[in-house]
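Close look at the chain arrangement
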Amino acid sequence: MEFLGRLIARWGILDIFMAWVLTASGMLLVIPKQWLPEAGLNAQLSMVLTISCVTGLAYFLSRGLLLIMTSITGAVQHRRELQRLASMISCLDHSERAILREFIITRRSVLSLPLKEPAVANLMENGVLKPMNEQHVHEQRSNVDMMINLAARPLLSYKALGLPVGKLNEEQIEHLKSIRPRFLQPDYKANRTHSGKLF
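Read on for a plain summary of the structure. (Residues numbered from 1 in each chain as written. Predicted model: local features only at pLDDT ≥ 70, side-chain atom pairs only at ≥ 80, totals over all residues. Heavy atoms only, no water.)

A closer look at the pattern of salt bridges
Threshold: By definition here, a salt bridge exists when the distance from a side-chain nitrogen of Lys or Arg to a carboxyl oxygen of Asp or Glu is within 4 Å. Numbering of helices and strands runs from the N terminus; a helix is a DSSP stretch of H or I covering at least four residues, while a strand is a stretch of E covering at least two. Residue exposure (1.4 Å probe, protein chains only): buried if accessible area is under 20% of the type maximum, exposed if over 50%, otherwise partly exposed.
The tally for this structure, following the rule as stated, stands at three salt bridges. Between Asp15 and Arg63 there is a salt bridge, with its nearest N and O atoms 2.5 Å apart. Here Asp15, found in helix H2 (residues 13–30), pairs with Arg63, found in helix H3 (residues 43–89); they are 48 residues apart in sequence, far enough to count as distant. Taking the relative accessible area as the measure of exposure, Asp15 reaches 8% and is therefore buried. We note a salt bridge from Arg180 to Glu102, for which the minimum N-O separation is 2.6 Å. Placement of Arg180 in the loop between helix H8 (170–178) and strand S4 (193–194) and of Glu102 in helix H4 (residues 94–105) is noted, with a sequence separation of 78 residues between them. Judged by relative accessible area, Glu102 falls into the buried class, the value being 6%.

In structure tokens, the structure reads:
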């Protein structure tokens, strides 16, 4: 029963039923006549079995074509996303580079960033940054936990981020911290209001 439950969860009841119909009909049509009862298969039953086979084959052929089309569409969308990310990363401004460098400087995979800063919003809208919780974006919170999109990470070279090649020393890290935009400074507090209340 556990195996059947996993099979239904993966393929679906209709898929299993159509596979059974196709297999059963095909076997009855190709089975040697001497193995059948004396009455054998009459013309009407043979017609029903043939229609069942054709229906089953058509069903799985359509499912296969649908899977192929879905795969092709996904590949095309992924390629377009990579092109969009590459185009965005090739023309980062100072603030956008600083935001992405912050992940390296602080050695963190998630940062709380002010959503209303244009550089943060631009990186998010172009898919370079990804919010950890989409609901927080819809709620228009002042700060939202962000991470770098997995698809964008291979494109973020040292050159793209304006970083020196090799391991950063303490002096270089301090210099990068000193040129961060104001909203990335540790003592920065966004002066945002919502419905007359500070948050």
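Let's pick the thread back up.
Quick notes on the nonpolar core
For the record, the criterion: Only buried residues count toward a nonpolar core. Its members are Ala, Val, Leu, Ile, Met, Phe, Trp, Tyr and Cys residues joined through side-chain atoms within 4.5 Å. Whether two residues are in contact is decided by their heavy atoms, any of which lying within 4.5 Å being enough.
Grouped together as the largest cluster of nonpolar side chains are 33 residues, with contacts concentrated most on Ile99, Leu100, Leu113, Leu123, Val128, Leu129 and Met146. Listed by contribution, the elements that provide at least two residues to this core are H3, H4, strand S1 (111–114), helix H5 (118–125), strand S3 (143–148), helix H7 (158–161) and H8. Residue contributions to this core peak at five residues, all from H4. Setting aside residues no more than four positions away along its own chain, Val128 makes contact with Leu85, Met88, Ile89, Leu100, Leu123, Met147, Ile148, Asn149 and Ala152.

Examining H4
The cut-off we apply is this: An expected span of 1.5 Å times one less than the residue number is assigned to each helix.
Helix length check: H4, at twelve residues, gives a terminal C-alpha distance of 15 Å against a target of 16 Å (1.5 Å per residue), a fit within 8%. Arg107, located one to two residues past H4, shows a positive phi value of around 55 degrees.

What about the sheet that holds S1?
Note the cut-off: DSSP bridges decide pairing: two strands pair if at least two such bridges lie between them. Axis definition: a line fit to C-alpha positions, over the contact stretch in the case of helices; interaxial angles, taken between N-to-C directions, run 0 to 180 degrees.
Sheet architecture is open: three strands sit in the order S1-S3-S2, paired in antiparallel fashion. Both edges of this open sheet fall to S1 and strand S2 (129–131), since each of them pairs with a single strand only. For this sheet the average axis-to-axis angle between neighbouring strands, irrespective of direction, equals 55 degrees. Of the pairings in the sheet, the one linking S1 to S3 comprises four bridges and is antiparallel in character. Following the sheet pairing, Pro114 is matched in S3 by Asn143. Together, S1, S2 and S3 form the strand contacts of H5, whose direction differs from that of S2 by roughly 90 degrees.

Here's the deal with the packing of aromatic side chains
Operational definition: Ring geometry is summarised as follows: Phe, Tyr and Trp rings, the Trp one being its six-membered ring, pair when their centres sit within 6.5 Å, and such pairs are stacked at plane angles under 30 degrees, edge-to-face over 60 and tilted between the two.
Taken as a whole, this structure holds one aromatic pair when the rule is applied. Between the aromatic rings of Tyr59 and Phe60, the centroid separation amounts to 5.2 Å while the plane-to-plane angle is 80 degrees, which identifies the pairing as edge-to-face.

A short note on the environment of Val137
Within the fold, Val137 resides in helix H6 (residues 134–138). When its relative accessible area of 16% is taken as the criterion, Val137 is described as buried. A C-alpha to C-alpha distance of 7.7 Å links Val137 and Leu115, two positions 22 residues apart in sequence. Setting aside its immediate chain neighbours within four residues, Val137 contacts Leu115, Met124, Pro131 and Val144.

Remarks on a nonpolar patch on the surface
As a reminder, the rule being used: Patches in this entry comprise residues that are over 30% relatively accessible and not in a salt bridge; like charges within 9 Å are linked, as are nonpolar side chains (Val, Leu, Ile, Met, Phe, Trp, Tyr) within 5 Å. Here the open area of atoms and residues is found with the Shrake-Rupley method and a 1.4 Å probe, where only the protein chains shown may cover a residue.
Residues Leu61, Leu65, Ile68, Met69, Ile72 and Val76 make up a contiguous nonpolar surface patch of about 580 Å² in total accessible area. Position of Leu61 relative to the elements: it lies in helix H3.

Quick look at unusual backbone geometry
Positioned with a positive phi, Arg107 is a non-glycine residue whose angle comes to about 55 degrees. Here Arg107 is to be found in the loop between H4 and S1.

Quick notes on the pairing of S3
Covered by surrounding structure in S3 are Val144, Met146 and Ile148 only, the residues Asn143, Asp145 and Met147 on the alternate face being uncovered. For S2 and S3, the ladder comprises three bridges, and the chain directions are antiparallel. Its bridge partner lying in S3, Pro131 is registered against Met146.

Everything listed is a geometric property; what it means functionally is a separate question.
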